[in-house]
Amino acid sequence: MKTYFYGLLGLIIYLFTACILTSESNFKPEIKFIQNPIVNNSDTLDIFLTDQAGVYRMDTLQVGDTVKFRLYISGFSNNLKEFRLTQSADSVSEILLPTLSSMDSVFLSTSKYSEGLFLMDGTATTLFFPFEYVAKKPSLEAKIIFSVISDANFEYNQYSLVLKIPIFSK
């Protein structure tokens, strides 16, 4: 009986000492499209995987098309610190951001909206970000680069993806 009791006591002590009581969450943030992008208020466009990791391709656009994107950015249990939205060339396309007042209520004043840098105070775990993309010139190399940084530790704190958008003339 004593052997059973000491064995059980040893197991309980082992289990309690093996537990990490200072829990940390280190989840990689993610960026998702809430729905397929909508072009000119009517058609939806598909987004396809490519053979490169983190690189996607969207259906083709014609010059003059305006595409509405709705992004959902999540840090899971980690807080978001920075979001970047950049395009390959300003001459090929234009990104139309939400109203300034709505962005100022979410992002810090040190953000640089014209450069695609959106800084957060690190208290939110999710972000909903709608924007529009206008195709101005034909290009097979047009792309948008999305990246997010959270307060997770080590290599888990950032995520980025590239969306290639072929643009043709009408």
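As a reminder, the structure under discussion sits directly above these lines.
Just so we're clear, the structure is a prediction, and the values are computed from it rather than from any experiment.

(A) Seen up close, the overall build of the protein. Across its full length, the protein holds two helices and 14 strands. In terms of overall size, the protein is more extended than a compact globule, its C-alpha atoms giving a radius of gyration of 23 Å where 170 residues would be expected to give roughly 15 Å. Each principal axis of the C-alpha atoms in the protein carries an extent, and together these give about 85 × 40 × 25 Å. Scored against the burial criterion, the 170 residues of the protein give a buried share of 33%. The contacts in the protein between residues at least 6 apart in sequence include a share of 72% that link residues at least 24 apart. Of the roughly 10500 Å² that the protein leaves accessible, carbon and sulfur atoms contribute 56%. Counting 14 positive and 17 negative side-chain charges, the protein places the averaged centre of each group 2 Å from the other.

(B) Expanded view of the side chain of S139. Inspection of the secondary structure assignment puts S139 in the loop between β11 (126-135) and β12 (143-150). Here the side chain of S139 touches E141 through a polar contact of 3.1 Å, landing on its backbone nitrogen. Non-local contacts of S139, meaning those with residues more than four positions away in its chain, are made with V92, I165, P166 and I167.

Basis of the calculations
- Numbering of residues starts from 1 in each chain and follows the order in which that chain's sequence is written.
- Thresholds applied to this predicted model are a pLDDT of at least 70 for local features of residues and 80 or more for the giving and counting of side-chain atom pairs; totals over whole chains, interfaces and linings are not thresholded and use all residues.
- Where side-chain values are given, they derive from all heavy atoms of the structure, hydrogens and water being excluded.
- Comment: elements are numbered from the N terminus, with helices defined as DSSP H or I runs of at least four residues and strands as E runs of at least two.
- With C-alpha atoms as the basis for the radius of gyration, the globule rule is written as 2.2 Å multiplied by the number of residues raised to the power 0.38.
- Exposure is judged per residue with a 1.4 Å probe applied to protein chains only, and the accessible area is read against the type maximum: over 50% gives exposed, under 20% gives buried, and values in between give partly exposed.
- Should any heavy atoms of two residues lie within 4.5 Å, those residues are counted as being in contact.
- Only the protein chains shown count as cover for residues, and all accessible areas are computed by the Shrake-Rupley method using a 1.4 Å probe.
- When charges are counted, Lys and Arg are positive and Asp and Glu negative, with His and the chain ends excluded.
- The location of each charge is read from NZ of Lys, CZ of Arg, CG of Asp or CD of Glu.
- Identification of polar contacts relies on pairs of N or O atoms within 3.5 Å, with a donor-acceptor requirement for protein atoms, meaning one able to donate a hydrogen and the other able to accept it, and with residues adjacent in sequence counted only if both atoms are side-chain atoms.

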